[in-house]
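Examination of the molecular architecture
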Amino acid sequence: MSGVLSDLTIRIGDVERVLPTVRTGNLGRVPLVEFIGDPEFTNAAAQAMLPLLPAGTEILLTVVTNALPLTHELSDRSGLPYVCARKKRRTYMQQPLIQDVPSLSLGVAETLWLDGPHAARLRGKRVAIVQDVVASGGTAQALAKFVVQAGGTVSGYLAAFRQGQPPMDVAVLQDLPRRVP
Ligand SMILES: O=P(O)(O)OC[C@H]1O[C@H](OP(=O)(O)OP(=O)(O)O)[C@H](O)[C@@H]1O
């Protein structure tokens, strides 16, 4: 069972968490979802997301940081491999694909990097885009561009949480308030 019990107390399966709220420059106070450092919460979310995987998906694509442990667990449970984009160029990258994200959920512009050999794993594949939270959808759009650049097709979008109204259909466990008082 999943649900928002109050504005900021959430439950996924048997795991309940009170989400902290943080103040951001242009959004006011927003709930903060953190999977990093919380394997119990991460595992519960990954397990609950299994039925959200689009039919026919062959590989998952995500981006650091918070979505990475979630995608790892989803990969382990589903048996689907995954590829992860970075938010910094690493010296060992070979002909990386590059996408700018104008403004992420916390109002910070980013550049995403997908190492060439990882991009090659998407070629000809049906790719599900996995995120912890989808807000504006800017990150999801950038990841979808990676899929197209790499020669794959997007099978769908899934996330643990949605905050706001992104432009694409995203399968989620729960909607969270975009702002809190
Ligand atoms: O739909 P959007 O508006 O693009 O926002 C969603 C993105 O924002 C958050 O990342 P964050 O900037 O907190 O980075 P982190 O995961 O590295 O902490 C979240 O992890 C998503 O990747």
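The rules behind these values
Residues numbered from 1 in each chain as written. Predicted model: local features only at pLDDT ≥ 70, side-chain atom pairs only at ≥ 80, totals over all residues. Heavy atoms only, no water. Near = heavy atom within 4 Å. Polar contact = N/O pair within 3.5 Å; in protein donor to acceptor, adjacent residues only side chain to side chain. Areas by Shrake-Rupley, 256 points an atom, 1.4 Å probe, with all protein chains shown as cover. Helix = DSSP H or I, 4+ residues; strand = E, 2+ residues; numbered from the N terminus. Nonpolar A, V, L, I, M, F, W, Y, C, P; charged D, E, K, R; others polar. Buried < 20%, exposed > 50% of the residue type's maximum accessible area, 1.4 Å probe, protein only. Contact = heavy atoms within 4.5 Å. Right-handed = clockwise from strand over helix to strand, strands pointing away. Pairing = 2+ DSSP bridges. Salt bridge = Lys/Arg side-chain N within 4 Å of Asp/Glu carboxyl O.

What about the site of the ligand?
Residues in close proximity to the ligand total 15 residues, the closest being Lys87, Asp132, Ala135, Ser136 and Thr139. At 2.6 Å, a side-chain N or O of Ser136 approaches an oxygen atom of the ligand. One of the side-chain nitrogen or oxygen atoms of Thr139 is found 2.6 Å away from an oxygen atom of the ligand. Its free accessible area being 500 Å², the ligand has 84% of it covered by the protein chains. Mapped onto the shell around the ligand, the elements with two or more residues apiece are strand S10 (126–134) and helix H4 (138–150). Top element by residues in the shell around the ligand is S10. It accounts for four residues. Per-class residue counts for the shell around the ligand are five nonpolar, eight polar and two charged.

A word on helix H1 (residues 39–49)
Listing the buried residues of H1 in full gives Phe41, Thr42, Ala44, Ala45, Ala46 and Met49. As for H1, its buried residues are in contact with strand S2 (9–12), strand S3 (15–18), helix H2 (67–78), S10, strand S11 (153–163) and strand S12 (171–176).

Here we look at the pairing of S11
Most of S11 sits inside the fold, with eight of its 11 residues counted as buried. Handedness of the crossover joining S10 and S11 through H4 is recorded here as right-handed. In this sheet, S12 lies alongside S11 in parallel orientation, the contact comprising five bridges. Looking at S12, one finds that Gln163 is bridged to Leu176.

Brief notes about the pattern of salt bridges
When the charged atoms of two side chains lie near each other, side chains of opposite charge can form a pair. Counted by the stated rule, this structure contains five salt bridges. For Glu73, the salt bridge is made with Arg77, and the minimal N-O distance between the two is 2.6 Å. Pair noted here: Glu73 and Arg77 are both in helix H2, with a separation of four residues, about one helical turn. We note a salt bridge from Arg162 to Asp175, for which the minimum N-O separation is 2.7 Å. Taken together, the residues span a long stretch of sequence, with Arg162 in strand S11 and Asp175 in strand S12 at a distance of 13 residues.

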